[in-house]
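Observations on chain architecture
Chain by chain, the residues:
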Amino acid sequence: PSKYYTQDEIRRIVSYASERFIEIIPEIDMPGHASAATRAYPEFNGGGTPPRFPGYTFNPGKDTVYTFLTDILREIDVLFPSQIIHLGGDEVHYGDEGWKTDKTVQNLMQAKNLKNLKEVEKYFFNRITDSLFNLNNKVAAWDEVADADFPPEKTIVFFWRQNKLEQLQKSLDKGYSVVFSPRLPMYLDYAQDTLQVHGVPWKKFGVNSYDKIYNFSIYDFDIKYPKNSRILGIQANLWTERIFTESRLDYMLFPRIAALAESAWTEEKNKNLDNFNDRLKKQFDLYKKDGIYYNNPFEPWLTGEPAR
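Residues numbered from 1 in each chain as written. Predicted model: local features only at pLDDT ≥ 70, side-chain atom pairs only at ≥ 80, totals over all residues. Heavy atoms only, no water.

**Topic: the pairing of strand β5 (residues 138-142)**
Counting buried positions over the five residues of β5 gives four, a clear majority of the element. In terms of strand pairing, strand β4 (residues 84-88) meets β5 through three bridges, oriented parallel. In the strand pairing of β5, Ile84 is matched with Lys138. In terms of strand pairing, β5 meets strand β6 (residues 155-159) through four bridges, oriented parallel. Bridged to Ala140 within β6 is Ile156. (Buried < 20%, exposed > 50% of the residue type's maximum accessible area, 1.4 Å probe, protein only. Helix = DSSP H or I, 4+ residues; strand = E, 2+ residues; numbered from the N terminus. Pairing = 2+ DSSP bridges.)

Here you go:
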């Protein structure tokens, strides 16, 4: 069934987090990954790429789309005090086939002299980002946005495609703030060992084990790091389309989230995996006490993988 947060629930979540020194930054993905919104509001549908990505995009050729999304951003701005809104901007090419035949998109391309769909995508993102800047928010987006020309002091790029190092280089060279979130090893919906049989297949995508997360460094990549690069830190992502229960959520999070914390907050020279392992094992009793169904990387047969 469809579900949503009320404004009061959002305020409670933000307050609960704030009391624990956590700031929540919302993400409203656009113009792709929009199939839920376009199903609810088909008048804003920009089409998709059948059969996997129907109704995947907002329609960049309709002015009403920008009004609709700006109204959403205004509401989000009021509810979340972070003054940062993540606009996604990723993987649009997966589902932009409908733009090739949509009359409003074709009219837009002719009116604005846009040569291809990538320029349409850029036009959309520039226009919606202007609305966000008018709300005195910074824009956050995935590394596709490195191709844009936004004010560096207002732009945060989340680097996720380690096979696209040029996006990381562009982001740093342009002075954008950068958060490192590469799929390997920072996607927590990926398997944590070769024993896992559910979810994302490890034979295809690899294994994101807790020790890889612990040993991760932002300087692992073969690029030139400009002096005074604006690197904010690291982030792990747990996409939940394949996760249906709290036990599996816990299993995919713990103890990798502990490794993430130390990787983010420990200087390279102070990292010691053996020392971390000794302390991590003591955490398991606390996990049990709190009813957390965790993965035991040392004795994996003790905590079997939940199917859902």
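**Re the environment of Leu114**
Mapped onto the fold, Leu114 is located in the loop between α4 (103-112) and α5 (117-134). Its relative accessible area of 14% is what places Leu114 among the buried residues. Among all residues touching Leu114, those that are not within four sequence positions of it are Leu108, Met109, Glu119, Val120 and Tyr123. (Contact = heavy atoms within 4.5 Å.)

**Looking at the sheet that holds β5**
The strand order across the open sheet built from six strands is β1-β4-β5-β6-β7-β8, with neighbouring strands paired in parallel fashion. Here the strands that pair on one side only, and so sit at the sheet edges, are β1 (27-30) and β8 (231-234). Each neighbouring strand pair of the sheet contributes to a mean axis angle of 25 degrees, computed without reference to strand direction. Pairing of β6 with strand β7 (residues 177-180) involves four bridges; the strand directions are parallel. Opposite Phe159, over in β7, you have Phe180 as the bridge partner. Packing against the sheet, helix α6 (residues 165-173) makes contact with β6, β7 and β8, and its axis sits at approximately 145 degrees to β7. (Axes fitted to C-alpha atoms, helices over the stretch in contact; angles between N-to-C directions.)

**As for the packing of aromatic side chains**
According to the stated counting rule, one finds 29 aromatic pairs in the structure shown. Seen from their ring centres, Tyr41 and Phe44 are 6.3 Å apart, and the 35 degrees between their planes marks the pair as tilted. Every member of this aromatic cluster is reached through a ring pair, and the members are Tyr210, Tyr214, Phe254, Phe276, Phe284, Tyr287, Tyr294 and Phe298. For the cation-ring pair, Arg127 lies above Tyr66, with the distance from its terminal atom to the ring centre recorded as 3.9 Å. Over the aromatic face of Phe298 sits the side chain of Lys281, whose NZ or CZ is 4.8 Å from the ring centroid. (Phe/Tyr/Trp six-rings, centres within 6.5 Å; stacked < 30°, edge-to-face > 60°. Lys NZ or Arg CZ within 6 Å of the ring centre and 35° of its normal.)

**As for empty space enclosed by the protein**
Evaluated as defined, the whole model comprises one cavity of 30 Å³ or more. Taken as a whole, the largest cavity holds about 40 Å³ of empty space. Together, Asp189, Gly199, Val200, Trp239, Arg242, Ile243, Arg248 and Met252 line the largest cavity. Here the lining of the largest cavity is composed, by residue class, of four nonpolar, one polar and three charged. (1 Å grid on protein atoms, 1.4 Å probe; cavity = no way out; pocket = protein on both sides within 12 Å on 5 of 7 lines; lining within 4 Å. Points joined across faces, edges and corners; volume = space filled by probe spheres on them. Nonpolar A, V, L, I, M, F, W, Y, C, P; charged D, E, K, R; others polar.)

**Side note on the environment of Asn107**
As for its placement among the helices and strands, Asn107 is situated in helix α4. Along the chain, Asn107 and Ile223 lie 116 residues apart, while their C-alpha atoms are 40 Å from each other.

**Details of the pattern of salt bridges**
All chains considered together, the criterion is met by 13 salt bridges. For Arg161, the salt bridge is made with Asp143, and the minimal N-O distance between the two is 2.7 Å. Pair noted here: Arg161 is in the loop between β6 and α6 and Asp143 is in the loop between β5 and β6, with a separation of 18 residues, a long-range link. The two residues Arg161 and Asp143 agree in class, both being buried. What emerges from the salt-bridge pattern is a single network uniting Asp143, Glu144 and Arg161. (Salt bridge = Lys/Arg side-chain N within 4 Å of Asp/Glu carboxyl O.)

**Here's the deal with unusual backbone geometry**
The omega torsion of the bond from Met30 to Pro31 falls at -5 degrees, within 30 degrees of zero and hence cis. Among the structural elements, Pro31 can be located in the loop between β1 and α2 (35-40). With an omega of 0 degrees, the peptide bond between Pro50 and Pro51 qualifies as cis. Among the secondary structure elements, Pro51 is positioned in the loop between β2 (45-49) and β3 (53-58). Located in the positive-phi region is Asn113, a residue other than glycine, with phi close to 55 degrees. On the basis of relative accessibility, which here comes to 56%, the residue Asn113 falls in the exposed class. One non-glycine residue with positive phi stands out, namely Asn228, at about 60 degrees.

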